[in-house]
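So you can see what is in the structure, the chains are spelled out below.
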Amino acid sequence: MNTSSVALSAFDIVVAQVEEATGQSLHDLVSELKAYAPTVSEYADPADLIMSVAALRQDHTPTQASYQRLEVKDLVSEWDRVVEGIRWAIEFLETEAVFDGQRLPTGAVIPVLAALYDVVPESLDALGNARTLLRKYLWRAFLTRRYENSAATRSLQDLRGLRAVLRDGQSENNVPIFDESESPLPSPEELKRAGWPKAKDILARGILAVAIRMGAPDLADGAPASRQHLAKREYHHLFPHALLTEEGGLSSQESYRALNCALFTWNTNRNISAKEPLQYLRERTERSALGEAEVRLRLSKHLIPFDALAVGGYEQLTDKAQRARRIREDYEHFLDERAQMLITPIRTLCDGQTL
């Protein structure tokens, strides 16, 4: 009985149903999951994730309404497979360099991957082929607009299609997310329009995820992206925000673009501050023991074009209108070049291949 006048969540109701039907505590089972897969909380709330996986395994959409229709005895009897599936899904994300929920483009993929665990082959070529299929699914979920709306319904549709491929040997053409007429890969113009990845925009975070998948070393210390190192990183404007808005006359929306963003450590970010790109690149080149070649390499692993970024000298232009025009032209050229640089890695990942 709820005596606190607080609305019961779907999870609260399932907790009561599980205890009534089986005598087991779902809270204890959730604690077991956290112990078995300790990084799960980095990506999603474990209780919500369990409900979503259980719903998909029982061929329901992962929604609050579906949670209350779950066969709780099946949930408990299949508990080990649910937990193992979630652990496997988290490990799969980590192999694709997706290390936390803050930078996860869409959480809809985790229950789908976990619910497919039972039909993923265990070894050799069959496992390799399955991983290729699921990599293709993962990155298309990250880099198309499919899960921007009706994500619960579409995740169930994709689960059914992927399960049919893995279990029954059906064609990949039956998986809805692979239909590029319905879920096309982004064009260069769409990449340029994508917003700031710190916001919950799928494509913006997808672009950042591709850069992290490439290695995304810090510009100053060269440390590659990892769960531990990303905790020290900040979202950095490659063309400084003040330069674009105060000098270039652009709006904040035009400055806060995914293609104008890179993850650098806080001290690197503070050191760059509002300096024009040419100035901070020159400083990094002079301070790096390996010189310009190393700075170029580090930027390439963010999919950032060095030559298009190495621009500046705006203070020498005394005419404000001319200076603003030059800043806007350089920025537009940089966005064009970085968008083109992303096209091949995006296609590679969305075809299930490794970079």
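Our subject is the structure listed above.
Let me sum up the structure you'll find in this document. All figures in this text were calculated on a predicted structure; none of them were measured in a lab. Residue positions are given per chain, counting from 1 as you read along its sequence in written order. This being a predicted model, a pLDDT of at least 70 is required before a residue's local features are given, and a value of 80 or more before pairs of side-chain atoms are given or counted; all residues contribute to the totals for chains, interfaces and linings. With hydrogens and water excluded, all non-hydrogen atoms of the structure serve as input to the side-chain values.

**Points about the overall build of the protein chain**
For the purposes of this entry, the term helix denotes a DSSP run of H or I that reaches at least four residues, the term strand denotes a run of E that reaches at least two, and both are numbered from the N terminus. On a plain count of helices and strands, the protein chain comes out with 19 helices and two strands. Principal-axis analysis of the C-alpha atoms gives the protein chain an extent of 80 × 50 × 40 Å. The burial tally for the protein chain puts 53% of its 355 residues in the buried class. Any two residues having at least one pair of non-hydrogen atoms within 4.5 Å are treated as being in contact. When contacts within the protein chain are restricted to residue pairs at least 6 apart in sequence, those whose partners lie at least 24 apart make up 72%. Distance from the positive charge centre (42 side chains) to the negative charge centre (51 side chains) of the protein chain: 4 Å. The cut-offs for exposure are 20% and 50% of the maximum accessible area for each residue type, with area from a 1.4 Å probe on protein chains only; residues under the lower value are buried, those over the upper are exposed, and the others partly exposed. Charge counting treats Lys and Arg as positive and Asp and Glu as negative, with His and both chain ends excluded. The atoms used to mark charge sites are NZ of Lys, CZ of Arg, CG of Asp and CD of Glu.

**Quick notes on the pairing of strand S1 (residues 233-237)**
Counting buried residues along S1, four of its five residues qualify, which places the element largely inside the surrounding structure. For two strands to be treated as a pair, DSSP must find at least two bridges joining them. Strand direction decides the pairing type here: S1 and strand S2 (residues 261-265), joined by five bridges, are antiparallel. Bridging across to S2, Glu-234 finds its partner in Phe-264.

**A few points about unusual backbone geometry**
Look at Ala-97: it is not a glycine, yet its phi comes out positive at around 65 degrees. Tracing the backbone shows Ala-97 in the loop between helix H6 (79-95) and helix H7 (109-115). Looking at Ala-97, the relative accessible area reads 13%, which means it is buried.

**Looking at the side chain of Arg-87**
As for its position among the elements, Arg-87 is in helix H6. Among the residues examined, Arg-87 registers a relative accessible area of 17% and is labelled buried.

**Focus on helix H11 (residues 202-214)**
Structurally, the α-helix is built with 3.6 residues per turn, so residues lying three or four positions apart point the same way. What a helix should span is 1.5 Å times the count of its residues minus one. The terminal C-alpha atoms of H11 lie 18 Å apart, and with 13 residues this matches the ideal 18 Å at 1.5 Å per residue to within 8%. With 12 of 13 residues buried, H11 lies mostly within the body of the structure. Burial in H11 covers these residues: Ile-202, Leu-203, Ala-204, Arg-205, Gly-206, Ile-207, Leu-208, Ala-209, Val-210, Ala-211, Ile-212 and Arg-213. One side-chain oxygen at the N-terminal end of H11 lies 3.4 Å from the backbone nitrogen of Leu-203; it belongs to Asp-201. Polar contact is the term for a pair of N or O atoms within 3.5 Å; when the atoms are in protein, one must be able to donate a hydrogen and the other to accept it, and sequence-neighboring residues count only if both atoms are side-chain atoms.

**Considering the pattern of salt bridges**
In what follows, salt bridge is the name for a side-chain nitrogen of Lys or Arg lying within 4 Å of a carboxyl oxygen of Asp or Glu. A full pass over the atoms with the stated rule returns 28 salt bridges. Of the charged contacts in the structure, one is a salt bridge between Lys-136 and Glu-172, with a shortest N-O distance of 2.9 Å. With Lys-136 in helix H8 (residues 124-143) and Glu-172 in the loop between helix H9 (151-168) and helix H10 (188-193), this residue pair connects regions lying 36 residues apart in the sequence. Exposure remark for Lys-136: the relative accessible area of 16% places this residue in the buried category. Residues Arg-298 and Glu-294 are paired through a salt bridge, measuring 2.9 Å at the closest nitrogen-oxygen approach. Remark: Glu-294 and Arg-298 occur in helix H17 (residues 292-300); sequence separation between them is four residues, near one turn of the helix. Each of the two residues, Arg-298 as well as Glu-294, counts as buried.

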